[in-house]
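Residue-level structure breakdown
Each chain, written out:
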Amino acid sequence: MSGRNKCSFWTVALLLFLMPGGIVLSGRKPDLAGEGESGTKAKVRITTDRNTGFSPLPVTVKARLSGIPLHDEGFCHPGVTWIIWSLDEDKVTRSSSQPRCHHAVGDAVTPISFTKSFVLGPGNHLCRLTVRGRQGEVLTSNFVRFRVH
C-alpha cells in the first residue's frame with residue numbers, strides 16, 4: 001500500500017468512526033449552539049415592561065423561546081430559573097422549577113413564552129433567565145438591567 005492510500009484509508013476510517021455520533025446528535029435534539037430544525041439558532045430572549053422607576057418598582061419580564069421545534073419532547077415542560085442580581089446589595093434571588101413532563105408520549109408542545117413579575121427595591125438590578133431541557137440542554141437569555149430610585 002502506498003503512503004497516499006494509507007492516508008486515505010485512515011481518513012475514511014476516522015470519518016466513519018465519527019459520523020454516527022454526529023448523526024445521533026443532529027437527530028436527537030436541535031444543536032443549541034448551532035441551528036434548530038427551523039433554521040434559526042435556539043435561543044431565549046427576555047424583555048421588560050420598564051427599566052427604571054421609583055421603589056417599590058413592579059416589573060414584568062417576558063421571555064421568548066425560538067429555534068426549538070414546536071413538538072420537541074425535550075423542551076415540552078422545561079426547567080426555568082429566573083435570576084435577579086441586586087448589584088448594590090450583592091444579593092442574588094432565584095426562582096426555579098425542574099424540567100418534567102405532564103403529558104402522554106407524542107403530545108408534547110414546546111412553550112414559546114414565559115412571564116415573571118417582580119417587585120424591586122432601590123438600586124441597580126440585573127435579570128436573566130435559564131431554560132433547561134430534560135436531557136441537559138441549557139439556553140441562557142440576555143441580561144435586562146433595572147435602575148430603581
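Quick notes on the rules
- Residues numbered from 1 in each chain as written.
- Predicted model: local features only at pLDDT ≥ 70, side-chain atom pairs only at ≥ 80, totals over all residues.
- Heavy atoms only, no water.
- Helix = DSSP H or I, 4+ residues; strand = E, 2+ residues; numbered from the N terminus.
- Buried < 20%, exposed > 50% of the residue type's maximum accessible area, 1.4 Å probe, protein only.
- Contact = heavy atoms within 4.5 Å.
- Areas by Shrake-Rupley, 256 points an atom, 1.4 Å probe, with all protein chains shown as cover.
- Salt bridge = Lys/Arg side-chain N within 4 Å of Asp/Glu carboxyl O.
- Polar contact = N/O pair within 3.5 Å; in protein donor to acceptor, adjacent residues only side chain to side chain.
- Pairing = 2+ DSSP bridges.
- Axes fitted to C-alpha atoms, helices over the stretch in contact; angles between N-to-C directions.
- Core = buried A, V, L, I, M, F, W, Y, C linked by side-chain atoms within 4.5 Å.

It is worth spelling out the overall build of the protein chain at this point. The secondary structure content of the protein chain amounts to one helix and nine strands. Helices and strands appear in the protein chain in the N-to-C order α-β-β-β-β-β-β-β-β-β. Across the 149 residues that make up the protein chain, the buried fraction comes to 34%. Across the protein chain, contacts joining residues at least 24 apart in sequence account for 67% of those joining residues at least 6 apart. Only carbon and sulfur atoms are counted for the fraction: they give 57% of the accessible area of the protein chain, which is about 9500 Å².

Inspection of the entire model under this criterion finds one salt bridge. Salt-bridge contacts for D49 lead to R50; the nearest nitrogen and oxygen are separated by 3.8 Å. The exposure class assigned to R50 is partly exposed, which follows from its relative accessible area of 34%.

So, on to the side chain of N142. Residue position: N142 is located in the loop between β8 (138–140) and β9 (144–148). A distance of 2.8 Å separates a polar atom in the side chain of N142 from the backbone nitrogen of I46. When sequence neighbours within four positions are dropped, the list of residues in contact with N142 reads V44, R45, I46, C127 and R128.

Here we come to the sheet that holds strand β3 (residues 57–66). Spatially, three strands are ordered β1-β3-β6 in an open sheet, and the strand pairing comes out antiparallel. The two strands at the open ends of the sheet, each matched to only one other strand, are β1 (43–48) and β6 (113–120). When strand polarity is set aside, the average angle formed by the axes of neighbouring strands in this sheet is 20°. The pairing of β3 with β6 spans eight bridges and is classified as antiparallel.

This part is about the pairing of strand β5 (residues 91–97). With seven bridges connecting them, strand β4 (residues 79–86) and β5 associate as antiparallel partners. Note that in β5 the partner of I84 across the bridge is T93. Here β4 folds back onto β5, and the loop between the two strands holds four residues, one of which, D90, carries a positive phi near 55°.

Turning next to the environment of I68. For I68, the position within the fold is in the loop between β3 and β4. The spacing of I68 and A42 is 26 residues in sequence and 5.8 Å in space, taken between C-alpha atoms.

This part covers the nonpolar core. A general trend in soluble globular proteins is that nonpolar side chains are found buried together. Judged by nonpolar contacts, the single largest core of 23 residues is most densely connected at I46, W82, F114, F118, C127, L129 and L139. When contributions to this core are tallied by element, the ones reaching two or more residues are β1, β3, β4, β6, β7 (123–132) and β9. Among the elements that make up this core, the one with the highest residue count is β3 (five residues). Residues in contact with C127, not counting those within four places in the same chain, are I46, V61, W82, I83, I84, F118, N142, F143, V144 and F146.

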